Amino acid sequence: MIRLSDILERVKSYNPKADLELINRAYVYSGKAHAGHVRMSGEPYLIHPLEVAGILSEMKMDVTTIVVGLLHDTIEDTDITHEEILGHFGDEVAFLVDGLTKISRLEFETTRHAQAENLRRMIISMAQDIRVIMIKLADRLHNMRTLEHLKPEKRIKVARETMDIYAPLANRLGISWIQSELEDLAFRYIHPEAFHSLQEKVSAKRSEYDAYIGEVLKVLDKALADNGLKGEVTGRVKHLYSIYNKMKIQDLPFEQIYDLIAFRIIVDSVRDCYGVLGIIHSLFRPVPGRFKDYIGVPKSNRYQSLHTTVIGPFRERMEVQIRTREMHLTAEDGIAAHWRYKEGSKTLPEEDIKRFSWFKQILDELKEVEDPRELMETVRTDLFPNDVYVFTPKGEVREFPKGATPIDFAYSIHTDVGHHCVGAKVNGRMVPLRYRLKNGDMVEIITSKGHRPSKDWLKIAFTNSAKSKIRSFIKREERERSMKIGEELLDKELRKMGTSLKKTIKTEGFQKAATTFGFHRVEDLIATVGFGKYSPRQVLSRLFPAEDVDTKLGYRGEAREAVRKARSKAKKDGILVDGVDDLMVRFAHCCNPLPGDDVVGIITRGRGISVHTVDCPNVEAERYDPDRLVDINWDSKVKVPRTVRIKVSSEDKKGILAEMTAVISARNINISHADITTTSDNRAVNFFEVDVEDLEQLQDLIKALSGVQGVISVERLKTQ
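Treat the numbers as computed from the prediction; the structure is a model and nothing was measured.

A. The arrangement of the overall build of the protein chain in detail. On a plain count of helices and strands, the protein chain comes out with 32 helices and 20 strands. Here the protein chain, with 720 residues, has 50% of them falling under the buried criterion. Contacts spanning at least 24 positions in sequence make up 66% of the contacts within the protein chain whose residues lie at least 6 apart.

Below is the structure:
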């Protein structure tokens, strides 16, 4: 456990003029505020703000930030008020503590709303004072370090949020040491079996790795000395989540992953970086396609380094990173390295704002995003940088995430260029709109004034900026179409009641009806009738006596029985629909949802509610119109077996198939279909369709199959 004296000594080492008395006062104040409070671990609560302040001092942050680290939970968890913090510590500290408190206190109707709005508030707070995210990252890091004291379901929730948001945010800000630790900690709870298995395998070979690193360091040190270059050479085994990702992407077992060790050479100048690169390539054979020059073309978070993979001593692959000391500082501490202990400053200098232009892009996109699902997807995508650089016909360089298409390029030029795009030329040749842009491409957009974007473009566009503009256009068109249909449907039924929509729409009763459905404007209610969320009868029942509506619209016993059966089927399937009546429920085949999955309902014309997993690609296509999406939940009281497809990669050896089927049968799980194929490298790929009751039973099965000797990997296939 860190002590206050440790923090004070660390702050003094990098900022001799720091107001240590202010930090001391904050510590005493926090201690009194949290007196008698304990954490889930049973430890005094004061340990948490002290550890957060310690992490901030490791980041070499200013005194104000460290003071807020000590006080960040006082307003939320104690009787201390904003005014009291203001009186004792001034405007700046009070502003930051209040901002962090508002983020934590948000409460919303669903978990997705809470996470999305929490993130929105955090991003906007970053714009007001970048130190908010530094404190938030430090807070999350210490919470992750002590996550074992929470309940299992809470651990997984926090770990997933950390992996989805906080680790990539640390990466985007360039703080690599926090990113790596957050990823490993989250990995431990999201995939515990894989984590512990990998940890054991790395530990078992630790002495072998250390010996190898020692030998290579001697070779590299001698090579630099022989060529008259000075440099600091270090070696390390890559962190666990990085290794796991490599295994997953390459679909290889741990034993076949070779470049697990990375070496870093830090020199004095850019010229020396390229000099060292030449030495490395003269000593060891480079692996084709594995050289990256992030000095000439820095990453969007301003990371700079030369990366090369070579065949090192003992025929082992190894990665070598070469950078200057300044580049290393930026690589390790990112944005903190450019903005630390600058007392009295709330924002980054202009030169550093340019370095993090992606941040302004996220802020701009947030202004147009309302649906929480879309918000989460927007930020999650923007946080993972993997950029390509392309040219306009005039020679201007534009940066896009890897996977961007000509449609993204068109919308980056102007919204109208995007809307009217009919084709594209890349390097002088026509390409399809789904073409993936590559580094160095010269892109020219062909437009036609009469052309309009289609819904299919949402599957082609990659950037959230382009998707938001496409959704906005389609949503306007859909709304106009739905309004027209809704007006026709309501007018037709109202005429049976002896009136018309024109006469009824302006009445107080119609406005009240709209309000009871949750709409501020009657137009919104009419539009939802147009695309099928509510029926004309449901609206008319709020305007006239229900018996009159049933009689005049011919809604008698047969219709009631159909509704009863639809509701009964939904209940039997274990689905609870929030706020929608009279609709059938069916499960989408595209993502095959399973009880326990996060799911969402899409209202479809004529087919009721289609149940999808929230990460289903087909849900993405509907996010332009959130009114089509309804919140649904699984009924935990109902257990209905559902078919799920799993893929088991294994060694091709005698008896392994029998072992796998025995594991499945032992859990009273039915195998409805199996498909087994073998490969030329003595491996087998086994596809099973099994009937399970819920996600928990499936996870237990996956864990058991993973334990079969010879099984390399087990994964659930959500799409057919």
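B. Inspection of the nonpolar core at higher detail. Formed by 96 residues in total, the largest nonpolar core has its most connected members in Ile23, Leu56, Val67, Phe89 and Ile265. Apart from residues no more than four positions distant in its own chain, isoleucine 265 is found in contact with Leu220, Leu224, Glu232, Val233, Val276, Ile280, Val320, Gln321, Ile322 and Arg323. Residues Val390, Tyr411, Ile445 and Ile474 belong to the second largest nonpolar core, which totals 24 residues.

C. Quick peek at the sheet that holds strand S19 (residues 683-692). Taken together, the four strands give an open sheet; going across it, the order is S18-S19-S17-S20, and neighbouring strands pair in antiparallel fashion. Since the sheet does not close on itself, it has two edges, and those belong to strand S18 (670-678) and strand S20 (711-717), each with one partner. Pairwise comparison of adjacent strand axes, ignoring direction, gives a mean angle of 20° for this sheet. Where strand S17 (residues 642-651) and S20 come together, six bridges link them in antiparallel fashion. Each bridged residue has a counterpart across the sheet, and for lysine 647 the counterpart in S20 is glutamate 715. Where helix H31 (residues 656-666) meets the sheet, it contacts S17, S18, S19 and S20, and its direction lies at approximately 15° from that of S19. Running at roughly 160° to S20, helix H32 (residues 695-706) makes contact with S17, S19 and S20 of the sheet.

D. Seen up close, the packing of aromatic side chains. Counted under the stated rule, the structure contains eight aromatic pairs. With a centroid separation of 6.2 Å and 35° between ring planes, the pair formed by tyrosine 241 and tyrosine 244 is classed as tilted. Placement of the pair is tyrosine 241 and tyrosine 244 together in helix H13 (residues 240-250), with a separation of three residues, close to one helical turn. Each member of the pair, tyrosine 241 as well as tyrosine 244, is classed as buried. One aromatic cluster is present, formed by Phe187, Phe195, Tyr241 and Tyr244 through successive ring pairs.

E. A look at the pattern of salt bridges. If you walk through the whole model with that rule in mind, you get 16 salt bridges. Between aspartate 226 and lysine 222 there is a salt bridge, with its nearest N and O atoms 2.9 Å apart. Taken together, the residues span about one helical turn, with aspartate 226 and lysine 222 both in helix H12 (residues 206-226) at a distance of four residues. The same class applies to aspartate 226 and to lysine 222, which are both exposed. Between aspartate 597 and arginine 716 there is a salt bridge; the shortest N-O distance is 2.6 Å.

F. View of H31. Those residues of H31 that fall on the buried side of the exposure criterion are Ile656, Met660, Val663 and Ile664. Looking down the long axis of H31, one finds its buried residues gathered within 95° of arc, a one-sided arrangement. Where H31 is buried, its residues meet S17, S18, S19, H32 and S20.

G. H12, seen in detail. Between its first and last C-alpha atoms H12 spans 30 Å; for 21 residues at 1.5 Å apiece the expected length is 30 Å, and the two agree. Buried within H12 are the following residues: Tyr209, Tyr212, Ile213, Val216, Leu220, Ala223 and Leu224. For H12, the angular spread of the buried residues around the axis is 100°, confining them to a single face. Relative to its buried face, H12 has exposed residues pointing more than 90 degrees away, namely Ser207, Lys218, Lys222, Ala225 and Asp226. Those residues of H12 that are buried lie in contact with helix H11 (192-204), strand S1 (232-237), strand S2 (261-267), helix H14 (270-283) and strand S6 (317-324). One or two residues past the end of H12 sits glycine 228, with phi positive at roughly 70°.

H. Spotlight on the packing of helix H23 (residues 464-496) against helix H26 (residues 522-530). Taken N-terminus to C-terminus, the directions of H23 and H26 make an angle of 85°; their axes are 7 Å apart at the nearest point. Considering the angle they form, H23 stands roughly perpendicular to H26. Across the interface between the two elements, Arg479, Ser482, Met483, Ile485, Gly486, Glu487, Leu489 and Leu490 of H23 pack against Glu523, Asp524, Ile526, Ala527, Val529 and Gly530 of H26. Its residues placed into classes, the contact of H23 with H26 shows seven nonpolar, three polar and four charged.

I. Geometry of unusual backbone geometry. A positive phi is found at lysine 60, a non-glycine position, where the angle reads about 60°. Secondary-structure assignment places lysine 60 in the loop between helix H3 (47-58) and helix H4 (63-71). Relative accessible area serves as the criterion here: at 32%, lysine 60 is assigned to the partly exposed category.

J. How the structure looks around the confidence of the model for the protein chain. Put simply, the protein chain has an average pLDDT of 80, and 82% of its residues get 70 or more. Confidence scores differ between elements of the protein chain, with helix H17 (residues 350-355) showing the lowest mean pLDDT of 48 and strand S11 (residues 443-447) the highest of 94. Across residues 106-110, confidence stays below pLDDT 50; counting only partners more than four residues off in sequence or on other chains, it has eight contacts. With pLDDT under 50 throughout, residues 561-567 is counted as low confidence; its partners more than four residues away or in other chains account for six contacts.

K. Just the side chain of glutamate 183, in detail. Structurally, the position occupied by glutamate 183 is in helix H10 (residues 176-190). Buried within the structure, glutamate 183 lacks any salt-bridge partner; arginine 236 is the closest side chain of opposite charge, at an N-O distance of 9.9 Å. Apart from the residues lying within four places of it in its own chain, the contact partners of glutamate 183 are Met163, Ala167, His239 and Tyr241.

Parameters and conventions
Residues numbered from 1 in each chain as written. Predicted model: local features only at pLDDT ≥ 70, side-chain atom pairs only at ≥ 80, totals over all residues. Heavy atoms only, no water. Helix = DSSP H or I, 4+ residues; strand = E, 2+ residues; numbered from the N terminus. Buried < 20%, exposed > 50% of the residue type's maximum accessible area, 1.4 Å probe, protein only. Contact = heavy atoms within 4.5 Å. Core = buried A, V, L, I, M, F, W, Y, C linked by side-chain atoms within 4.5 Å. Pairing = 2+ DSSP bridges. Axes fitted to C-alpha atoms, helices over the stretch in contact; angles between N-to-C directions. Phe/Tyr/Trp six-rings, centres within 6.5 Å; stacked < 30°, edge-to-face > 60°. Salt bridge = Lys/Arg side-chain N within 4 Å of Asp/Glu carboxyl O. Arc of directions from axis to C-beta. Expected span 1.5 Å × (residues − 1). Parallel < 35°, antiparallel > 145°, perpendicular 65-115°, else oblique. Nonpolar A, V, L, I, M, F, W, Y, C, P; charged D, E, K, R; others polar. pLDDT = per-residue confidence, 0-100. Lys, Arg positive; Asp, Glu negative; His and termini not counted.

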